[in-house]
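Report on the structure
The chain contents come next:
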Amino acid sequence: VTSKTAPTTRIDLWSDEVLRDPYPVFAQLRELGPLVHLERHDLWAVTRHAAAIEVLRDYERFTSTHGVGCNDVINRHGRGILATDPPFHDTLRRPLSGQLSRRGLERVADHVRNRADELVATLVDRPDFDAVADLAEPFTVSIVAGLIGLPEADRAHALEYAEAAFTCYGPMNARTQASLPKLEEFLRFCRSAGSRANLRADGWGSAVYAAADRNEIPPSTAITLIAAYLGAGMDTTISAISSALMLLGEQLDAWQELRADRSLIGAAAAETLRLESPIQRFTRVATRDTDVDGVPVAAGERLLVLYGCANRDERRFPAPTRFDLSRRTAGHVAFGFGVHACAGQFLARLEIESVLDAMLTYVERFEVGTPRFQLGNMTRRLARLPVHVLAATPR
Ligand code: HEM
């Protein structure tokens, strides 16, 4: 029996002001408690690291099958991989688990590294460019859409829908309303661009159809699964790559440390993901009367897990706002945790690290201008990051 109750707040996590800089509000929420009732949206924010892990690890108490968004339309939208629990969830995860494993990715690692190298090598000649539009976007689109097997001509279109594919998971605000029709367009696009005939035979999309042909997944799920990988793999990685450059551009000492020791690249990627978590939130629903960190939750309540807030929890990461290459970042939840932990995390790391590696090869130092954020309901990502580079010599 517990006497704790959850504090409540009128804070709107989706106001422009909070989306632009959520961190002061996150600190306030963590201070209020591990679980805070958001009155405006009737959601229970999971604020602290230990509480986030408790919720994400236990799908029997906190299910994804009622959807992982914050509005009824998206939560009733169908049962994609995100909105399932084991055992069906594991069935949907299997077709691409080999390709996306650390070992499976060895086959494509050189291709990813070469693409990053080529792109950065041409950009440093300019020497002013936008790290989002000129680097993170074209790089990520060519890698993810390329590996799925989309023809060149269709790849750029995929990006148009990437943000909408996440934002429609928000509460029913103006952003969600604007993005729901785009989600329909995205699915239409996937049905044509991601059709069997249009995909390269050796790509991941074709592997999903092959799994359907072997009855390993229901054939009707193939196209939504391809859409999930395409949708999940774009804005997230674009965010991480551009945030890494923003953070390193702001901290010359960290850049110098990396230049002296490239074995720290992985740490730089992890610190970026912890500090500027590309996916900021998804939800779960309590299947029974239970508690989180001792705070009671009733069956049917919807919990909003704040990955980006948990990753700055001072109880888990001392001096959490510092970008620290020597930090033990293991345990950050930027890729989630538990059965839904990101299926593409090794690819994402490979992409981020390849870009940083190429930057270290071709760039002596660089300056960043004023960053602009694209305000999405579920993600945090830059829209624009002007960069001025001084090329490394000799080339
Ligand atoms: C830095 C980049 C990325 C970040 C931060 C990220 C983050 C996440 C998070 C937090 C989840 C868990 C959702 C939940 O708890 O319900 C997730 C799931 C997922 N991600 Fe990623 N992701 C990234 C890149 C990618 C890439 C490159 C791909 C694929 C090409 C991908 C594919 C997926 C898929 C398919 C799921 C659903 C997994 C499941 O429900 O079992 N992600 N991702």
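Here we summarise the structure given alongside this text. (Residues numbered from 1 in each chain as written. Predicted model: local features only at pLDDT ≥ 70, side-chain atom pairs only at ≥ 80, totals over all residues. Heavy atoms only, no water.)

Regarding the overall build of the protein chain
The line we're drawing: Only runs of H or I of at least four residues qualify as helices and only runs of E of at least two qualify as strands under DSSP, and these elements are numbered from the N terminus. Relative accessibility decides the category of a residue: with a 1.4 Å probe and only protein chains considered, values under 20% of the type maximum give buried, values over 50% give exposed, and everything between is partly exposed. Residues are treated as being in contact if the distance between any of their heavy atoms lies within 4.5 Å. Methods summary: accessible areas were calculated by the Shrake-Rupley approach with a probe of 1.4 Å, and residue burial reflects only the protein chains presented. Only four residue types enter the charge count: Lys and Arg as positive, Asp and Glu as negative, with His and the chain ends excluded. Charge positions come from single atoms, namely NZ of Lys, CZ of Arg, CG of Asp or CD of Glu.
Check the secondary structure of the protein chain and you find 16 helices and 13 strands. Out of the 395 residues belonging to the protein chain, those deemed buried represent 58%. Partitioning the intrachain contacts of the protein chain with sequence separation of at least 6 by distance along the chain shows that 71% fall at a separation of at least 24. Accessible surface, the protein chain as shown: approximately 16500 Å² in total, 50% of it carbon and sulfur. Taking the average location of the 46 positive side-chain charges in the protein chain and that of its 50 negative ones, the two points are 2 Å from each other.

Digging into the coordination of the iron atom of the ligand
Just so we agree on the cut-off: Sites may look incomplete because water is not among the atoms; the donors themselves are N, O and S atoms within 2.8 Å of the metal, or within 3.2 Å for Na, K and Ca.
Among all protein atoms, only Cys342 (SG) binds the iron atom of the ligand, sitting 2.3 Å from it. Here Cys342 is to be found in the loop between helix H15 (307–310) and helix H16 (345–362).

Overview of unusual backbone geometry
With an omega dihedral of 5°, the bond running from Pro86 to Pro87 counts as a cis peptide bond. By the secondary structure assignment, Pro87 is in the loop between helix H4 (72–75) and helix H5 (88–93). Here Asp42, not a glycine, exhibits a phi torsion of approximately 50°, which is positive. Tracing the backbone shows Asp42 in the loop between strand S2 (35–38) and strand S3 (43–46). Look at Asp42 and you get partly exposed, because its relative accessible area is 45%. With a phi close to 60°, Asn215 is a non-glycine residue in the positive phi region. Relative to the helices and strands, Asn215 resides in the loop between helix H10 (204–213) and helix H11 (222–232).

What about the sheet that holds strand S13 (residues 386–391)?
Inclusion rule: Pairing between two strands requires that DSSP report at least two bridges joining them. Orientation is described by axes fitted as lines to C-alpha atoms, over the contacting stretch for helices, and by angles from 0 to 180 degrees between their N-to-C directions.
Ordered by their spatial adjacency, three strands build an open sheet running S5-S13-S10, and the pairing between neighbours is antiparallel. Only two strands of the sheet have a single neighbouring strand rather than two, namely strand S5 (128–130) and strand S10 (363–368). Here the average twist between neighbouring strands, direction ignored, is 30°. Taken together, the three bridges between S5 and S13 define a ladder with antiparallel strand orientation. Note that in S13 the partner of Asp128 across the bridge is His388.

A closer look at the environment of Ala131
With respect to the element layout, Ala131 can be found in helix H7 (residues 131–148). Taking the relative accessible area as the measure of exposure, Ala131 reaches 0% and is therefore buried. Residues Ala131 and Met234, spaced 103 residues apart in sequence, show a C-alpha to C-alpha distance of 15 Å. Beyond its immediate sequence surroundings of up to four residues, Ala131 is in contact with Ala136, Leu245, Leu385 and Val387.

Focus on the sheet that holds strand S4 (residues 62–63)
Read from one edge to the other, the open sheet built from six strands follows the order S1-S2-S3-S9-S6-S4, with strand pairing classed as mixed. Two strands lie at the open edges of the sheet, namely strand S1 (8–9) and S4, each paired on one side alone. Two strands pair when backbone bridges link them, and S4 and strand S6 (residues 281–286) are joined in this way by two bridges, in the antiparallel orientation. Within the sheet, the bridge partner assigned to Phe62 lies in S6 and is Ala286.

A look at the packing of helix H8 (residues 152–167) against helix H12 (residues 235–250)
The following threshold applies: Angles are sorted into four bins: roughly parallel if under 35 degrees, roughly antiparallel if over 145, roughly perpendicular if 65 to 115, and oblique for all others. Any residue outside Ala, Val, Leu, Ile, Met, Phe, Trp, Tyr, Cys, Pro, Asp, Glu, Lys and Arg is labelled polar, Gly included; the first ten of those are nonpolar and the last four are charged.
One can describe the packing of H8 onto H12 by two numbers: an axis separation of 9 Å at closest approach and a directional angle of 95°. By the angle class used here, H8 and H12 are roughly perpendicular. Judged by residue contacts, Leu159, Ala162, Glu163 and Phe166 of H8 engage Asp235, Thr236 and Ile238 from H12. For the contact of H8 with H12, the class distribution of residues is four nonpolar, one polar and two charged.

Interpretation in functional terms is not warranted from these geometric data alone.
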